[in-house]
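# Observations on chain architecture
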Amino acid sequence: MILRTLRDTADDLADVQRITTAAFAAPGAPPEPPPAPARQARLDALHRHFLRHDQDGSLIAYDASGALGAVVTSRRESVWGLSLLVVAPEAQGKGVGRALLDRALAYGEGCARGIISGSLDPRAARAYWAAGFALYPAVRLEGALDPARLPVAGGPLYEGGDPDFLDAVDRQVRGGAHGPDHAELLRDCRLLTVDAADGRGYCFIDMSLPDKVELMGLSATTEAVAARLLTAALRDVPAGRTVKISNVTAEQRWAVDIALTARLQPEPGGYLCLRGMRPPVGFVPTGKYL
């Protein structure tokens, strides 16, 4: 088996998508169809973003039979994040995932904090725990919502935000700025911000898909501001679209209360895995930008 850095080529990006689809497919289920062209273009753009900024932390494993697994990680100031770790079903249990994770962790050496959005796979959970991460059970809140059940968000809210403001909030809440990730998120997302006497924060909402709206990251210095941002974002969801909110732990009870009030359905969502930090109260990371 050979590990090498991912390349911005059609073959490497196709291998990552093929392995990802196979790795997350239900056992015994028929193969899933490839993503729609628009969805595939967005996934490729996401991987290219990390290749531009974190190529040393983006790796692929292969042997004579082809690609076996891939990992994509990021370093943002003092925060290391694992955005993707996938192993082809036929290669699982053979040390591929361990080798990829070890190299990915080495890329984050020296970072004071680490974040992983972990799946329900018990093998992955054990590997992250063994690497020094604390596992916080998370829920996913999803479904068609009833925005009329939500109160009007009180206090000032703004569309858009200055990058320096967003980074300052990140440093206070998660210990490190997202830097270039914000510009990438703005390609597809609506941005709401709050800068008020009771706190400050921001919220990215992806409304680019015709049938789904997804929370792509929320960071706020106080629970009150976090709740205001999420409430405002959900109240503006167009009729007929489903909503998805991931990585909500017990520390974000305010998010659970808002989502259940709006009639979203809670489901097991894996683990938010953290090293060098506890889940900040006003923080809901995404699965990729963390």
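It should be emphasised that the depicted structure is a prediction, and the values quoted were computed from it without experimental measurement.

Here is what the cut-offs are and how they apply
- Residues numbered from 1 in each chain as written.
- Predicted model: local features only at pLDDT ≥ 70, side-chain atom pairs only at ≥ 80, totals over all residues.
- Heavy atoms only, no water.
- Phe/Tyr/Trp six-rings, centres within 6.5 Å; stacked < 30°, edge-to-face > 60°.
- Helix = DSSP H or I, 4+ residues; strand = E, 2+ residues; numbered from the N terminus.
- Buried < 20%, exposed > 50% of the residue type's maximum accessible area, 1.4 Å probe, protein only.
- Arc of directions from axis to C-beta.
- Polar contact = N/O pair within 3.5 Å; in protein donor to acceptor, adjacent residues only side chain to side chain.
- Axes fitted to C-alpha atoms, helices over the stretch in contact; angles between N-to-C directions.
- Parallel < 35°, antiparallel > 145°, perpendicular 65-115°, else oblique.
- Left-handed = near helix turned anticlockwise from the far one by under 90°.
- Contact = heavy atoms within 4.5 Å.
- Nonpolar A, V, L, I, M, F, W, Y, C, P; charged D, E, K, R; others polar.

Across all of its chains, the model carries 3 aromatic pairs by this definition. Summarising the aromatic geometry, the rings of tryptophan 80 and phenylalanine 133 are spaced 5.9 Å apart at their centres and angled 50° between planes, so their arrangement reads as tilted. With tryptophan 80 in strand 4 (residues 79–87) and phenylalanine 133 in the loop between helix 4 (122–130) and strand 6 (134–144), this pair connects stretches of sequence that are 53 residues apart. For the pair tyrosine 202 and phenylalanine 204, a centre-to-centre distance of 5.6 Å together with 70° between the ring planes defines the contact as edge-to-face. By the burial criterion, tyrosine 202 is buried, and phenylalanine 204 matches it.

This part is about helix 4. Residues Ala124, Ala125 and Tyr128 constitute the buried set of helix 4. Projected onto a plane normal to the axis of helix 4, the buried residues spread over an arc of 100° and lie on a single side. Seen from the buried face of helix 4, the exposed residues on the opposite side, beyond 90 degrees, are Arg126, Trp129 and Ala130. Between the side-chain oxygen at the start of helix 4 and the backbone nitrogen of arginine 123 there is a gap of 2.8 Å, and the oxygen is on aspartate 121.

Attention now goes to the packing of helix 7 (residues 223–235) against helix 8 (residues 253–261). Where helix 7 meets helix 8, the axes come as close as 10 Å, and the angle between the chain directions of the two elements is 25°. When the interaxial angle is binned, helix 7 and helix 8 end up roughly parallel. In this structure, helix 7 crosses over helix 8, and the sense of that crossing is right-handed. On helix 8, the residues that touch Glu223, Ala226, Ala227, Leu230, Thr231 and Leu234 of helix 7 are Trp254, Ala255 and Ile258. Across the contact of helix 7 with helix 8, the residue classes tally to 7 nonpolar, 1 polar and 1 charged.

On their own, these measurements won't tell you what the molecule is for.
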